[in-house]
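A structural walkthrough
These are the residues of each chain, in order.
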Amino acid sequence: MVVKTVTDSPFLIGITSAVAILPVTFQFIYGPIIDRYSKRKILYFAMIGQSIIVGVISIVYFIHLLWLPLLLFMMFISFLLSEITFPTESSLIEVLSPREKLTKINSIFEFCYQSLDIICNGISGILVLFIGVGFIYVSNSCLLFFVGLIFLVYLKVPKTKKESERSTNDFLQQYKVDFIQGFQIVKEQTILLNIVFGVIGMNVMATMGIAMLPVISKTSAQYGFWLTAMSIGTLLGTLLANKVEKFPLNLVMPIISLFTGVVWVMSTLLVNKLIFATILFGIAWIGIGILNIYVQTLIQVNLPEEYIGLGFSFISSILGSLSPIGYFIGGLMGGLTSGKIILFISGLGYLGFTVYFLLNPKLNSLKNQLNKRFERSND
């Protein structure tokens, strides 16, 4: 919003968006830190760091010294700090929650997160209109500071086994040891990784279609309808995830992906009838919301507690780094064909995941419920 206010340049706004996405690809470097050190202090320092950076941005904005390269650099650092919070919070959920309630707690957590994101985005747009960008950044800085203090003072977390270990290595030596050990542990989870690789393929296909939403929208209002359908569908999916967790994985995951793919494709066939198309698109995202909770819970259940941070950050890095590729491929193919065709093709990715799941011998025999750990074997 600051870049749009200062420059009103689509090119620079695009660069800013890239800066916002890029830190996700570095999330894997946080894994050993999350697993080894106090999660309470990690969240505290991440929030306070963001508060300071946002405060500096607001100051230079008010004194009219907001040099764009400096703004982009500070935004990049702020987003780097922000990226450590999600895997840290996901690790905390596993530490603090009974395994049989993981799905429900993940659903509630994600629902609250998505709801607050939608509400805050709407409120920020209104506030920017009436009180200006600078004051928004001042208020964000204060809010981040107080949230950091809440984490420091009120968040009580028992130490994990790895946090309690004494090490004779310096920070970099211990980091290297933890990273290698954690990577090996994650690599041994062949069943989990088979699921994750399929989800990565779906994610790339989905971003191809999402990139086409502005193209197929004749007005900004129509684009808003598509985005609203995505948000509402995802919210509903996060709430419904715990309703199907008792069914075996080899039944739930392929059926949900099949349902999502069919409804997504149907929405593209009705793209000229906006209301019906966006309703169906939103229904498709109910399935995506459920699958998101499933992947998060599977990581928590199947990775050892002392390596969950690395597992989350590693997988998030892969997903984040490949998303821009999906946007690029979607834009490239959309230019050669049409936005409607690419949106249609992206829906086939969920049908492809169904086939992949059913044909993969490691996956089609998974009769586990969601909260049951896979057997630790490479068979």
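Not measured: the values here are computed from a predicted model.

**With respect to empty space enclosed by the protein**
Taken as a whole and assessed by the stated rule, the structure comprises one cavity of 30 Å³ or more. Of the voids in this model, the largest cavity is the one considered here, and its volume is about 30 Å³. Along its surface, the largest cavity is lined by P32, I33, R36, Y37, F171, Q174, Y175 and D178. At the level of elements, α3 (31–36) and α10 (171–188) are the ones that each hand at least two residues to the lining of the largest cavity. For the lining of the largest cavity, the element with the most residues is α10, which contributes four residues. Residues belonging to the lining of the largest cavity are distributed by class as follows: five nonpolar, one polar and two charged.

**A look at helix α6 (residues 85–96)**
Between the first and last C-alpha of α6 there are 16 Å, a value that for 12 residues agrees with the 16 Å anticipated at 1.5 Å per step. Counting buried positions along α6 yields nine of 12 residues, so the element is predominantly enclosed. Within α6, the full set of buried residues consists of T85, P87, T88, E89, S90, S91, L92, I93 and E94.

**A look at the pattern of salt bridges**
Within the structure shown, the criterion is met by one salt bridge. Note that D178 and R36 form a salt bridge whose closest N and O atoms lie 2.9 Å from each other. With D178 in helix α10 and R36 in helix α3, this residue pair connects regions lying 142 residues apart in the sequence. A relative accessible area of 3% means that D178 is categorised as buried.

**Focus: the packing of helix α4 (residues 39–62) against α6**
Between two packed helices, both the angle of their axes relative to each other and the distance between the axes serve to describe the pair. Contact pair α4 / α6: the axes reach a minimum separation of 10 Å and the direction vectors enclose 155°. In terms of orientation, α4 lies roughly antiparallel with respect to α6. As α4 packs across α6, the resulting crossing turns out to be left-handed. Across the interface between the two elements, K39, I42, L43, A46, M47 and Q50 from α4 touch T85, T88, E89, S91 and L92 from α6. For the contact of α4 with α6, the class distribution of residues is five nonpolar, four polar and two charged.

Reading the values: rules and limits
- Residues numbered from 1 in each chain as written.
- Predicted model: local features only at pLDDT ≥ 70, side-chain atom pairs only at ≥ 80, totals over all residues.
- Heavy atoms only, no water.
- 1 Å grid on protein atoms, 1.4 Å probe; cavity = no way out; pocket = protein on both sides within 12 Å on 5 of 7 lines; lining within 4 Å.
- Points joined across faces, edges and corners; volume = space filled by probe spheres on them.
- Helix = DSSP H or I, 4+ residues; strand = E, 2+ residues; numbered from the N terminus.
- Nonpolar A, V, L, I, M, F, W, Y, C, P; charged D, E, K, R; others polar.
- Expected span 1.5 Å × (residues − 1).
- Buried < 20%, exposed > 50% of the residue type's maximum accessible area, 1.4 Å probe, protein only.
- Salt bridge = Lys/Arg side-chain N within 4 Å of Asp/Glu carboxyl O.
- Axes fitted to C-alpha atoms, helices over the stretch in contact; angles between N-to-C directions.
- Parallel < 35°, antiparallel > 145°, perpendicular 65-115°, else oblique.
- Left-handed = near helix turned anticlockwise from the far one by under 90°.
- Contact = heavy atoms within 4.5 Å.

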